[in-house]
Amino acid sequence: MSMSFSAGDGSSDLDHIWSGVLSVVNTLVNAQAYHTWFEPMRPVSMETDTVTIDCPSKFFADFVSAHHRDNVAYAFRQVAGIEPTGEFICTVDSQDDLV
């Protein structure tokens, strides 16, 4: 299945899919993990097998990728029928990484 959405294309399809993904993930993780790691994320784009998600920092992106990748992949399979085998890329503002 070929799918391509981006947050800036004026379409609510990506937001609708992301909302469904969050609903599924919410059933897979505890409330604290959901509020800490998933609520701050925002979808940027989705193309076939690559999902781009905006995260608050590089640490945040690395943590979600390391600890919740399978849950996010499962949720995308359930909601969008895609197998996200590519990277879950998190875009970050470079200032967020300055400490």
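Remember, it's a predicted structure, so these values are computed and weren't measured experimentally.

Peer 1: Sorry if this is basic, but what is going on with the nonpolar core here?
Peer 2: Soluble globular proteins tend to bury their nonpolar side chains together. Of all hydrophobic cores here, the largest spans 25 residues; its most connected members are W18, V21, V25, F38, M41, M46 and F76. At the level of secondary structure, the elements contributing two or more residues to this core comprise helix 1 (13-28), helix 2 (31-38), strand 3 (50-54) and helix 3 (58-80). Once you skip the residues sitting within four places of it in the chain, F38 turns out to touch L22, V25, V29, A33, H68 and V72.

Peer 1: Which parts of the structure should I look at to understand the packing of helix 1 against helix 3?
Peer 2: Two quantities define a packed helix pair, namely the angle between the axes and the distance from one axis to the other. Where helix 1 meets helix 3, the closest approach of the two axes is 8 Å, and the angle between their N-to-C directions is 125°. When the axis of helix 1 is compared with that of helix 3, the two are oblique. The hand of the helix 1/helix 3 crossing is right-handed. Residues I17, W18, G20, V21, V24, V25 and L28 of helix 1 pack against N71, V72, Y74, A75, F76, Q78, V79 and A80 of helix 3.

Peer 1: I'm lost on helix 1 in this one. Help?
Peer 2: Residues spaced three or four apart along an α-helix point in a common direction, a consequence of the helix completing one turn every 3.6 residues. The end-to-end C-alpha distance of helix 1, which contains 16 residues, comes to 23 Å, matching closely the 22 Å that a straight helix rising 1.5 Å per residue would cover. Taken together, the buried positions of helix 1 are L14, I17, W18, V21, L22, V24 and V25. Angular distribution of buried residues about the axis of helix 1 spans 165°; they occupy a single face of the element. The exposed set on the far side of helix 1, more than 90 degrees from its buried face, consists of H16 and T27.

Peer 1: Would you take a moment to explain the pairing of strand 3 for this structure?
Peer 2: Across a regular strand the side chains alternate sides, sitting on one face of the sheet and then on the other. Bridging between strand 2 (residues 42-47) and strand 3 involves 5 bridges; their strand directions are antiparallel. Counterpart to M46 in the pairing with strand 3 is V51. Here strand 2 hands over to strand 3 after 2 residues, with T48 in that stretch at a positive phi of 45°.

Thresholds, definitions, all that
Residues numbered from 1 in each chain as written. Predicted model: local features only at pLDDT ≥ 70, side-chain atom pairs only at ≥ 80, totals over all residues. Heavy atoms only, no water. Core = buried A, V, L, I, M, F, W, Y, C linked by side-chain atoms within 4.5 Å. Buried < 20%, exposed > 50% of the residue type's maximum accessible area, 1.4 Å probe, protein only. Helix = DSSP H or I, 4+ residues; strand = E, 2+ residues; numbered from the N terminus. Contact = heavy atoms within 4.5 Å. Axes fitted to C-alpha atoms, helices over the stretch in contact; angles between N-to-C directions. Parallel < 35°, antiparallel > 145°, perpendicular 65-115°, else oblique. Left-handed = near helix turned anticlockwise from the far one by under 90°. Expected span 1.5 Å × (residues − 1). Arc of directions from axis to C-beta. Pairing = 2+ DSSP bridges.

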